[in-house]
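# Close look at the chain arrangement
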Amino acid sequence: MRVPYGSITTTTVPFHGKEELRRYRKIMAQVARLKKASSPDGDVIDCVPPHLQPAFEHPKLRGQKPEAEPEERPKVAGGDTTAAEEEVFPAQAWTDGGESCPEGSIPVRRTKRRDVLRSSSAVRFGRKAPRAAGVVRRDSTSDGHEHAVGYVTGDQFYGAKASLNVWSAKVASPAEFSLSQIWVISGSFGNDLNTIEAGWQVSPELYGDNSPRFFTYWTTDAYQATGCYNLHCSGFVQTNNRIAIGAAISPTSVYNGRQFDISLLIWKDPRRGHWWLQLGSGPLVGYWPSNLFTHLGRHANMVQFGGEVVNSRPSGSHTPTQMGSGHFPREGFNRAAYFRNLQVVDWDNNLLPAASLRLVADHPSCYDIQGGYNRAWGNYFYYGGPGRNVRCP
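On a predicted model such as this, the values are computed, not experimentally measured, just so you know.

The rules behind each value
- Residues numbered from 1 in each chain as written.
- Predicted model: local features only at pLDDT ≥ 70, side-chain atom pairs only at ≥ 80, totals over all residues.
- Heavy atoms only, no water.
- Helix = DSSP H or I, 4+ residues; strand = E, 2+ residues; numbered from the N terminus.
- Contact = heavy atoms within 4.5 Å.
- Areas by Shrake-Rupley, 256 points an atom, 1.4 Å probe, with all protein chains shown as cover.
- Salt bridge = Lys/Arg side-chain N within 4 Å of Asp/Glu carboxyl O.
- Buried < 20%, exposed > 50% of the residue type's maximum accessible area, 1.4 Å probe, protein only.
- Pairing = 2+ DSSP bridges.
- Axes fitted to C-alpha atoms, helices over the stretch in contact; angles between N-to-C directions.
- Disulfide = S-S within 2.5 Å.
- pLDDT = per-residue confidence, 0-100.
- Phe/Tyr/Trp six-rings, centres within 6.5 Å; stacked < 30°, edge-to-face > 60°.
- Lys NZ or Arg CZ within 6 Å of the ring centre and 35° of its normal.

### Here we look at the overall build of the chain
For the chain, the count of helices and strands is 3 helices and 21 strands. Residue pairs at least 24 apart in sequence account for 73% of intrachain contacts in the chain once pairs closer than 6 positions are excluded. Accessible surface for the chain amounts to roughly 16,200 Å². Of this, 50% is attributable to carbon and sulfur atoms.

Structure below.
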C-alpha cells in the first residue's frame, strides 16, 4: 500500500513477527507527561519528567537520575571558557509561538504511528543501517553512503567544537538522507567502532518532511545493534528543557542571503567521564554516559567534521540529493555550506585548533570540499554539492 505524505510517497511495511510488534508498542508507549506543546510543523512535543526519559530504560542506567552539569566547560588555551562566548541561542520551530517546557521537565518529540510505518523495520526504527568497516571516513560507494569531510587523527581527543550553517537540503527519496555533523570516534573501524555524533539532518523517512532537524546519534558496534538517533532508544540523557532533539531548526540559511549557523560542542567531563553536548552558548543539552562505551570510555582517537548523504541510485543514476546547500565549495560564502572554527579538546580540557586537518571527498564531482584558515574563522572548510550533474551521472 502506498500512502502520500506531503510531496513524498512512502511505502508502509507490515510487522514481521511478534518482536517487531512488541518493539512498535514500546516505541509508541508514552511516559507520563506534564504538558504537551504543538509545533507549527506538526510535531507534538511532550514535556516529560527527566527521570522517566528513555535513557533510564538502559540496563546500565536503570534507577538513575540525570546528573548535574559539569562545573567547568572546555576553555580556549590561555583564555576564557566557552560559556563566555556571545552566540544566539538556536531557535527551533516548536518554540516559535512561545512554547516551552516547564522547569523540571524535558521536551521529547513524540513518535507517531506513521513515523514507525515509514521505516523498513520497526526493529531498526531510529537507527542507521549497519555499516561495513571503515566507511565512516573511507570511500563508501559499496553501501551508498558518501562523504565530504575534514578529520584529525593520530592523537587522544576529549572532544570537538565547530560552527556550521544550516540549510534545507533537498532529499530526493524517502530512503535517503542528508546530514552535516561532528563525529567523535574511537575503535579500530571494525565491528568495535564507537561513535558520538551530533548535527543537523534532513531525513524524510525518519521525520516525515524535508526540514533540517537537530539530531544526535551513538553506537558502540559500528551501527550493528547498539545506539540510535535522538531519544529513540535508551542511552543519551537529556538535561535541557528548551531544546527538543529531533525538532526542526528555524530559520535556515538562504542562498545569496542571510546565513544561520549553529555551534556544537561535544566533550568528555574530566571528573565524571561523561560526554556532554552543548548547542549554542546556552545550557547543555545532555550527555552520553561513559559506561555506554568501550573505547570512548577512555578517549577518542579521531574527530571528523562534514557532510554525509545516502545515494540509493534511483533509476540507476546518482541521486540528486543535496549535501549542505546543494552548491559546490568553490561558490564560497552565502552560497556554499561551511564548517568554521574547527577545534578539538585535549587531555587538560583545553580547546585547541584542529591541527593537521585532512580533507577528503568520496566523489568530488558529486560533493566536494575545500578548506582554509583565517583569523576570524580559524580552520574552516566549505563542502557539499548537488549530487547528480553532468560530471556526476
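### Some remarks on the pattern of salt bridges
Evaluated as defined, the whole model comprises 12 salt bridges. Across the pair D43 and R213 runs a salt bridge, and its minimum N-O distance is 2.7 Å. Highlighted residues: D43 in the loop between β3 (35-38) and β4 (44-48) and R213 in strand β11 (residues 213-219), separated in sequence by 170 residues. Overall, R213 belongs to the buried group, its relative accessible area being 0%. Residue K128 is joined to E197 by a salt bridge in which the shortest nitrogen-to-oxygen separation is 2.6 Å. Pair noted here: K128 is in the loop between α2 (113-118) and β7 (145-157) and E197 is in strand β10 (residues 194-202), with a separation of 69 residues, a long-range link. An identical accessibility class is assigned to K128 and E197; each is buried. Put simply, D41, D43, R109, D209 and R213 are held in one network by salt bridges that share partners.

### Some details on the sheet that holds β11
The strand order across the open sheet formed by 6 strands is β11-β10-β9-β16-β7-β19, and the pairing between neighbours is antiparallel. The strands lining the two open edges of the sheet, one partner per strand, are β11 and β19 (358-361). When the angles between neighbouring strand axes are averaged without regard to direction, this sheet yields 15°. Sheet analysis places β7 next to β19, joined by 4 bridges and oriented antiparallel.

### Brief notes about the state of the cysteines
The final tally for this structure, using the stated rule, is 3 disulfides. With a sulfur-sulfur separation of 2.0 Å, C47 is cross-linked through a disulfide to C101. Measuring the twist about the S-S bond at about -85°, one finds the C47-C101 disulfide to be left-handed. Remark: C101 occurs in the loop between β5 (75-76) and β6 (106-109) and C47 occurs in strand β4; sequence separation between them is 54 residues.

### Details of the environment of R388
Along the chain, R388 falls in the segment after β21 (378-384). Note on R388: relative accessible area 38%, which makes it partly exposed. Distance in space between the C-alpha atoms of R388 and Q322 is 8.8 Å, their sequence separation being 66 residues. Those residues in contact with R388, other than ones at most four positions away along the chain, are P314, S317, H318, T319 and P320.

### Examining the pairing of β6
Here β6 shows no split at all, with I106 and V108 on one side and P107 and R109 on the other all buried. Pairing of β4 with β6, which is carried by 4 bridges, proceeds in the antiparallel orientation. By the bridge assignment for β6, V48 is matched with I106.

### Some points on the pairing of strand β9 (residues 178-186)
In terms of residue burial, β9 counts as a mostly covered element, since 9 of its 9 residues are buried. Residues S178, S180, I182, V184 and S186 point to one face of β9 and L179, Q181, W183 and I185 to the other, with burial holding for every one of them. Both β9 and strand β16 (residues 300-310) contribute to a ladder of 8 bridges, which runs antiparallel. Bridging from a neighbouring strand, V184 pairs with V303 of β16. Summarising the sheet, β9 and β10 pair through 9 bridges and their orientation is antiparallel. For L179, the partnering residue across the bridge sits in β10 and is Q201.

### Quick notes on the confidence of the model for the chain
When the pLDDT values of the chain are averaged, the result is 86; 83% of them are 70 or greater. Below pLDDT 50 for its whole length, residues 1-13 participates in 26 contacts with residues either more than four positions away or in separate chains. Predicted confidence is poor over residues 80-87, with pLDDT under 50, and the contacts of this stretch with residues over four places away or in other chains come to 16 contacts.

### Here's the deal with the packing of aromatic side chains
Counted by the stated rule, this structure contains 17 aromatic pairs. Both rings, one in F333 and one in W377, keep their centres 5.8 Å apart while their planes meet at 70°; by these two values the pair is edge-to-face. Of this pair, F333 sits in the loop between β16 and β17 (337-345) while W377 sits in the loop between β20 (368-374) and β21, and the two are 44 residues apart along the sequence. The class for F333 is partly exposed, based on a relative accessible area of 41%. The rings of F333, Y338, W377, Y380 and Y382 are connected pair by pair, giving a single aromatic cluster. A cation over a ring is seen here: K128 above Y217, with NZ or CZ 5.2 Å from the ring centre.

### Quick notes on unusual backbone geometry
Between S250 and the following residue, P251, the backbone shows a cis peptide bond with an omega angle of 0°. Looking at where P251 falls in the secondary structure, it is placed in the loop between β12 (237-238) and β13 (261-268). A positive phi angle is found at S315, which is not glycine, with a value near 55°. Residue placement: S315 occurs in the loop between β16 and β17. On the basis of relative accessible area, S315 is assigned to the exposed category, the value being 81%. In this structure, N334 takes a positive phi of about 75° despite not being glycine. Relative to the helices and strands, N334 resides in the loop between β16 and β17. Classification of N334 as partly exposed rests on a relative accessible area of 23%.

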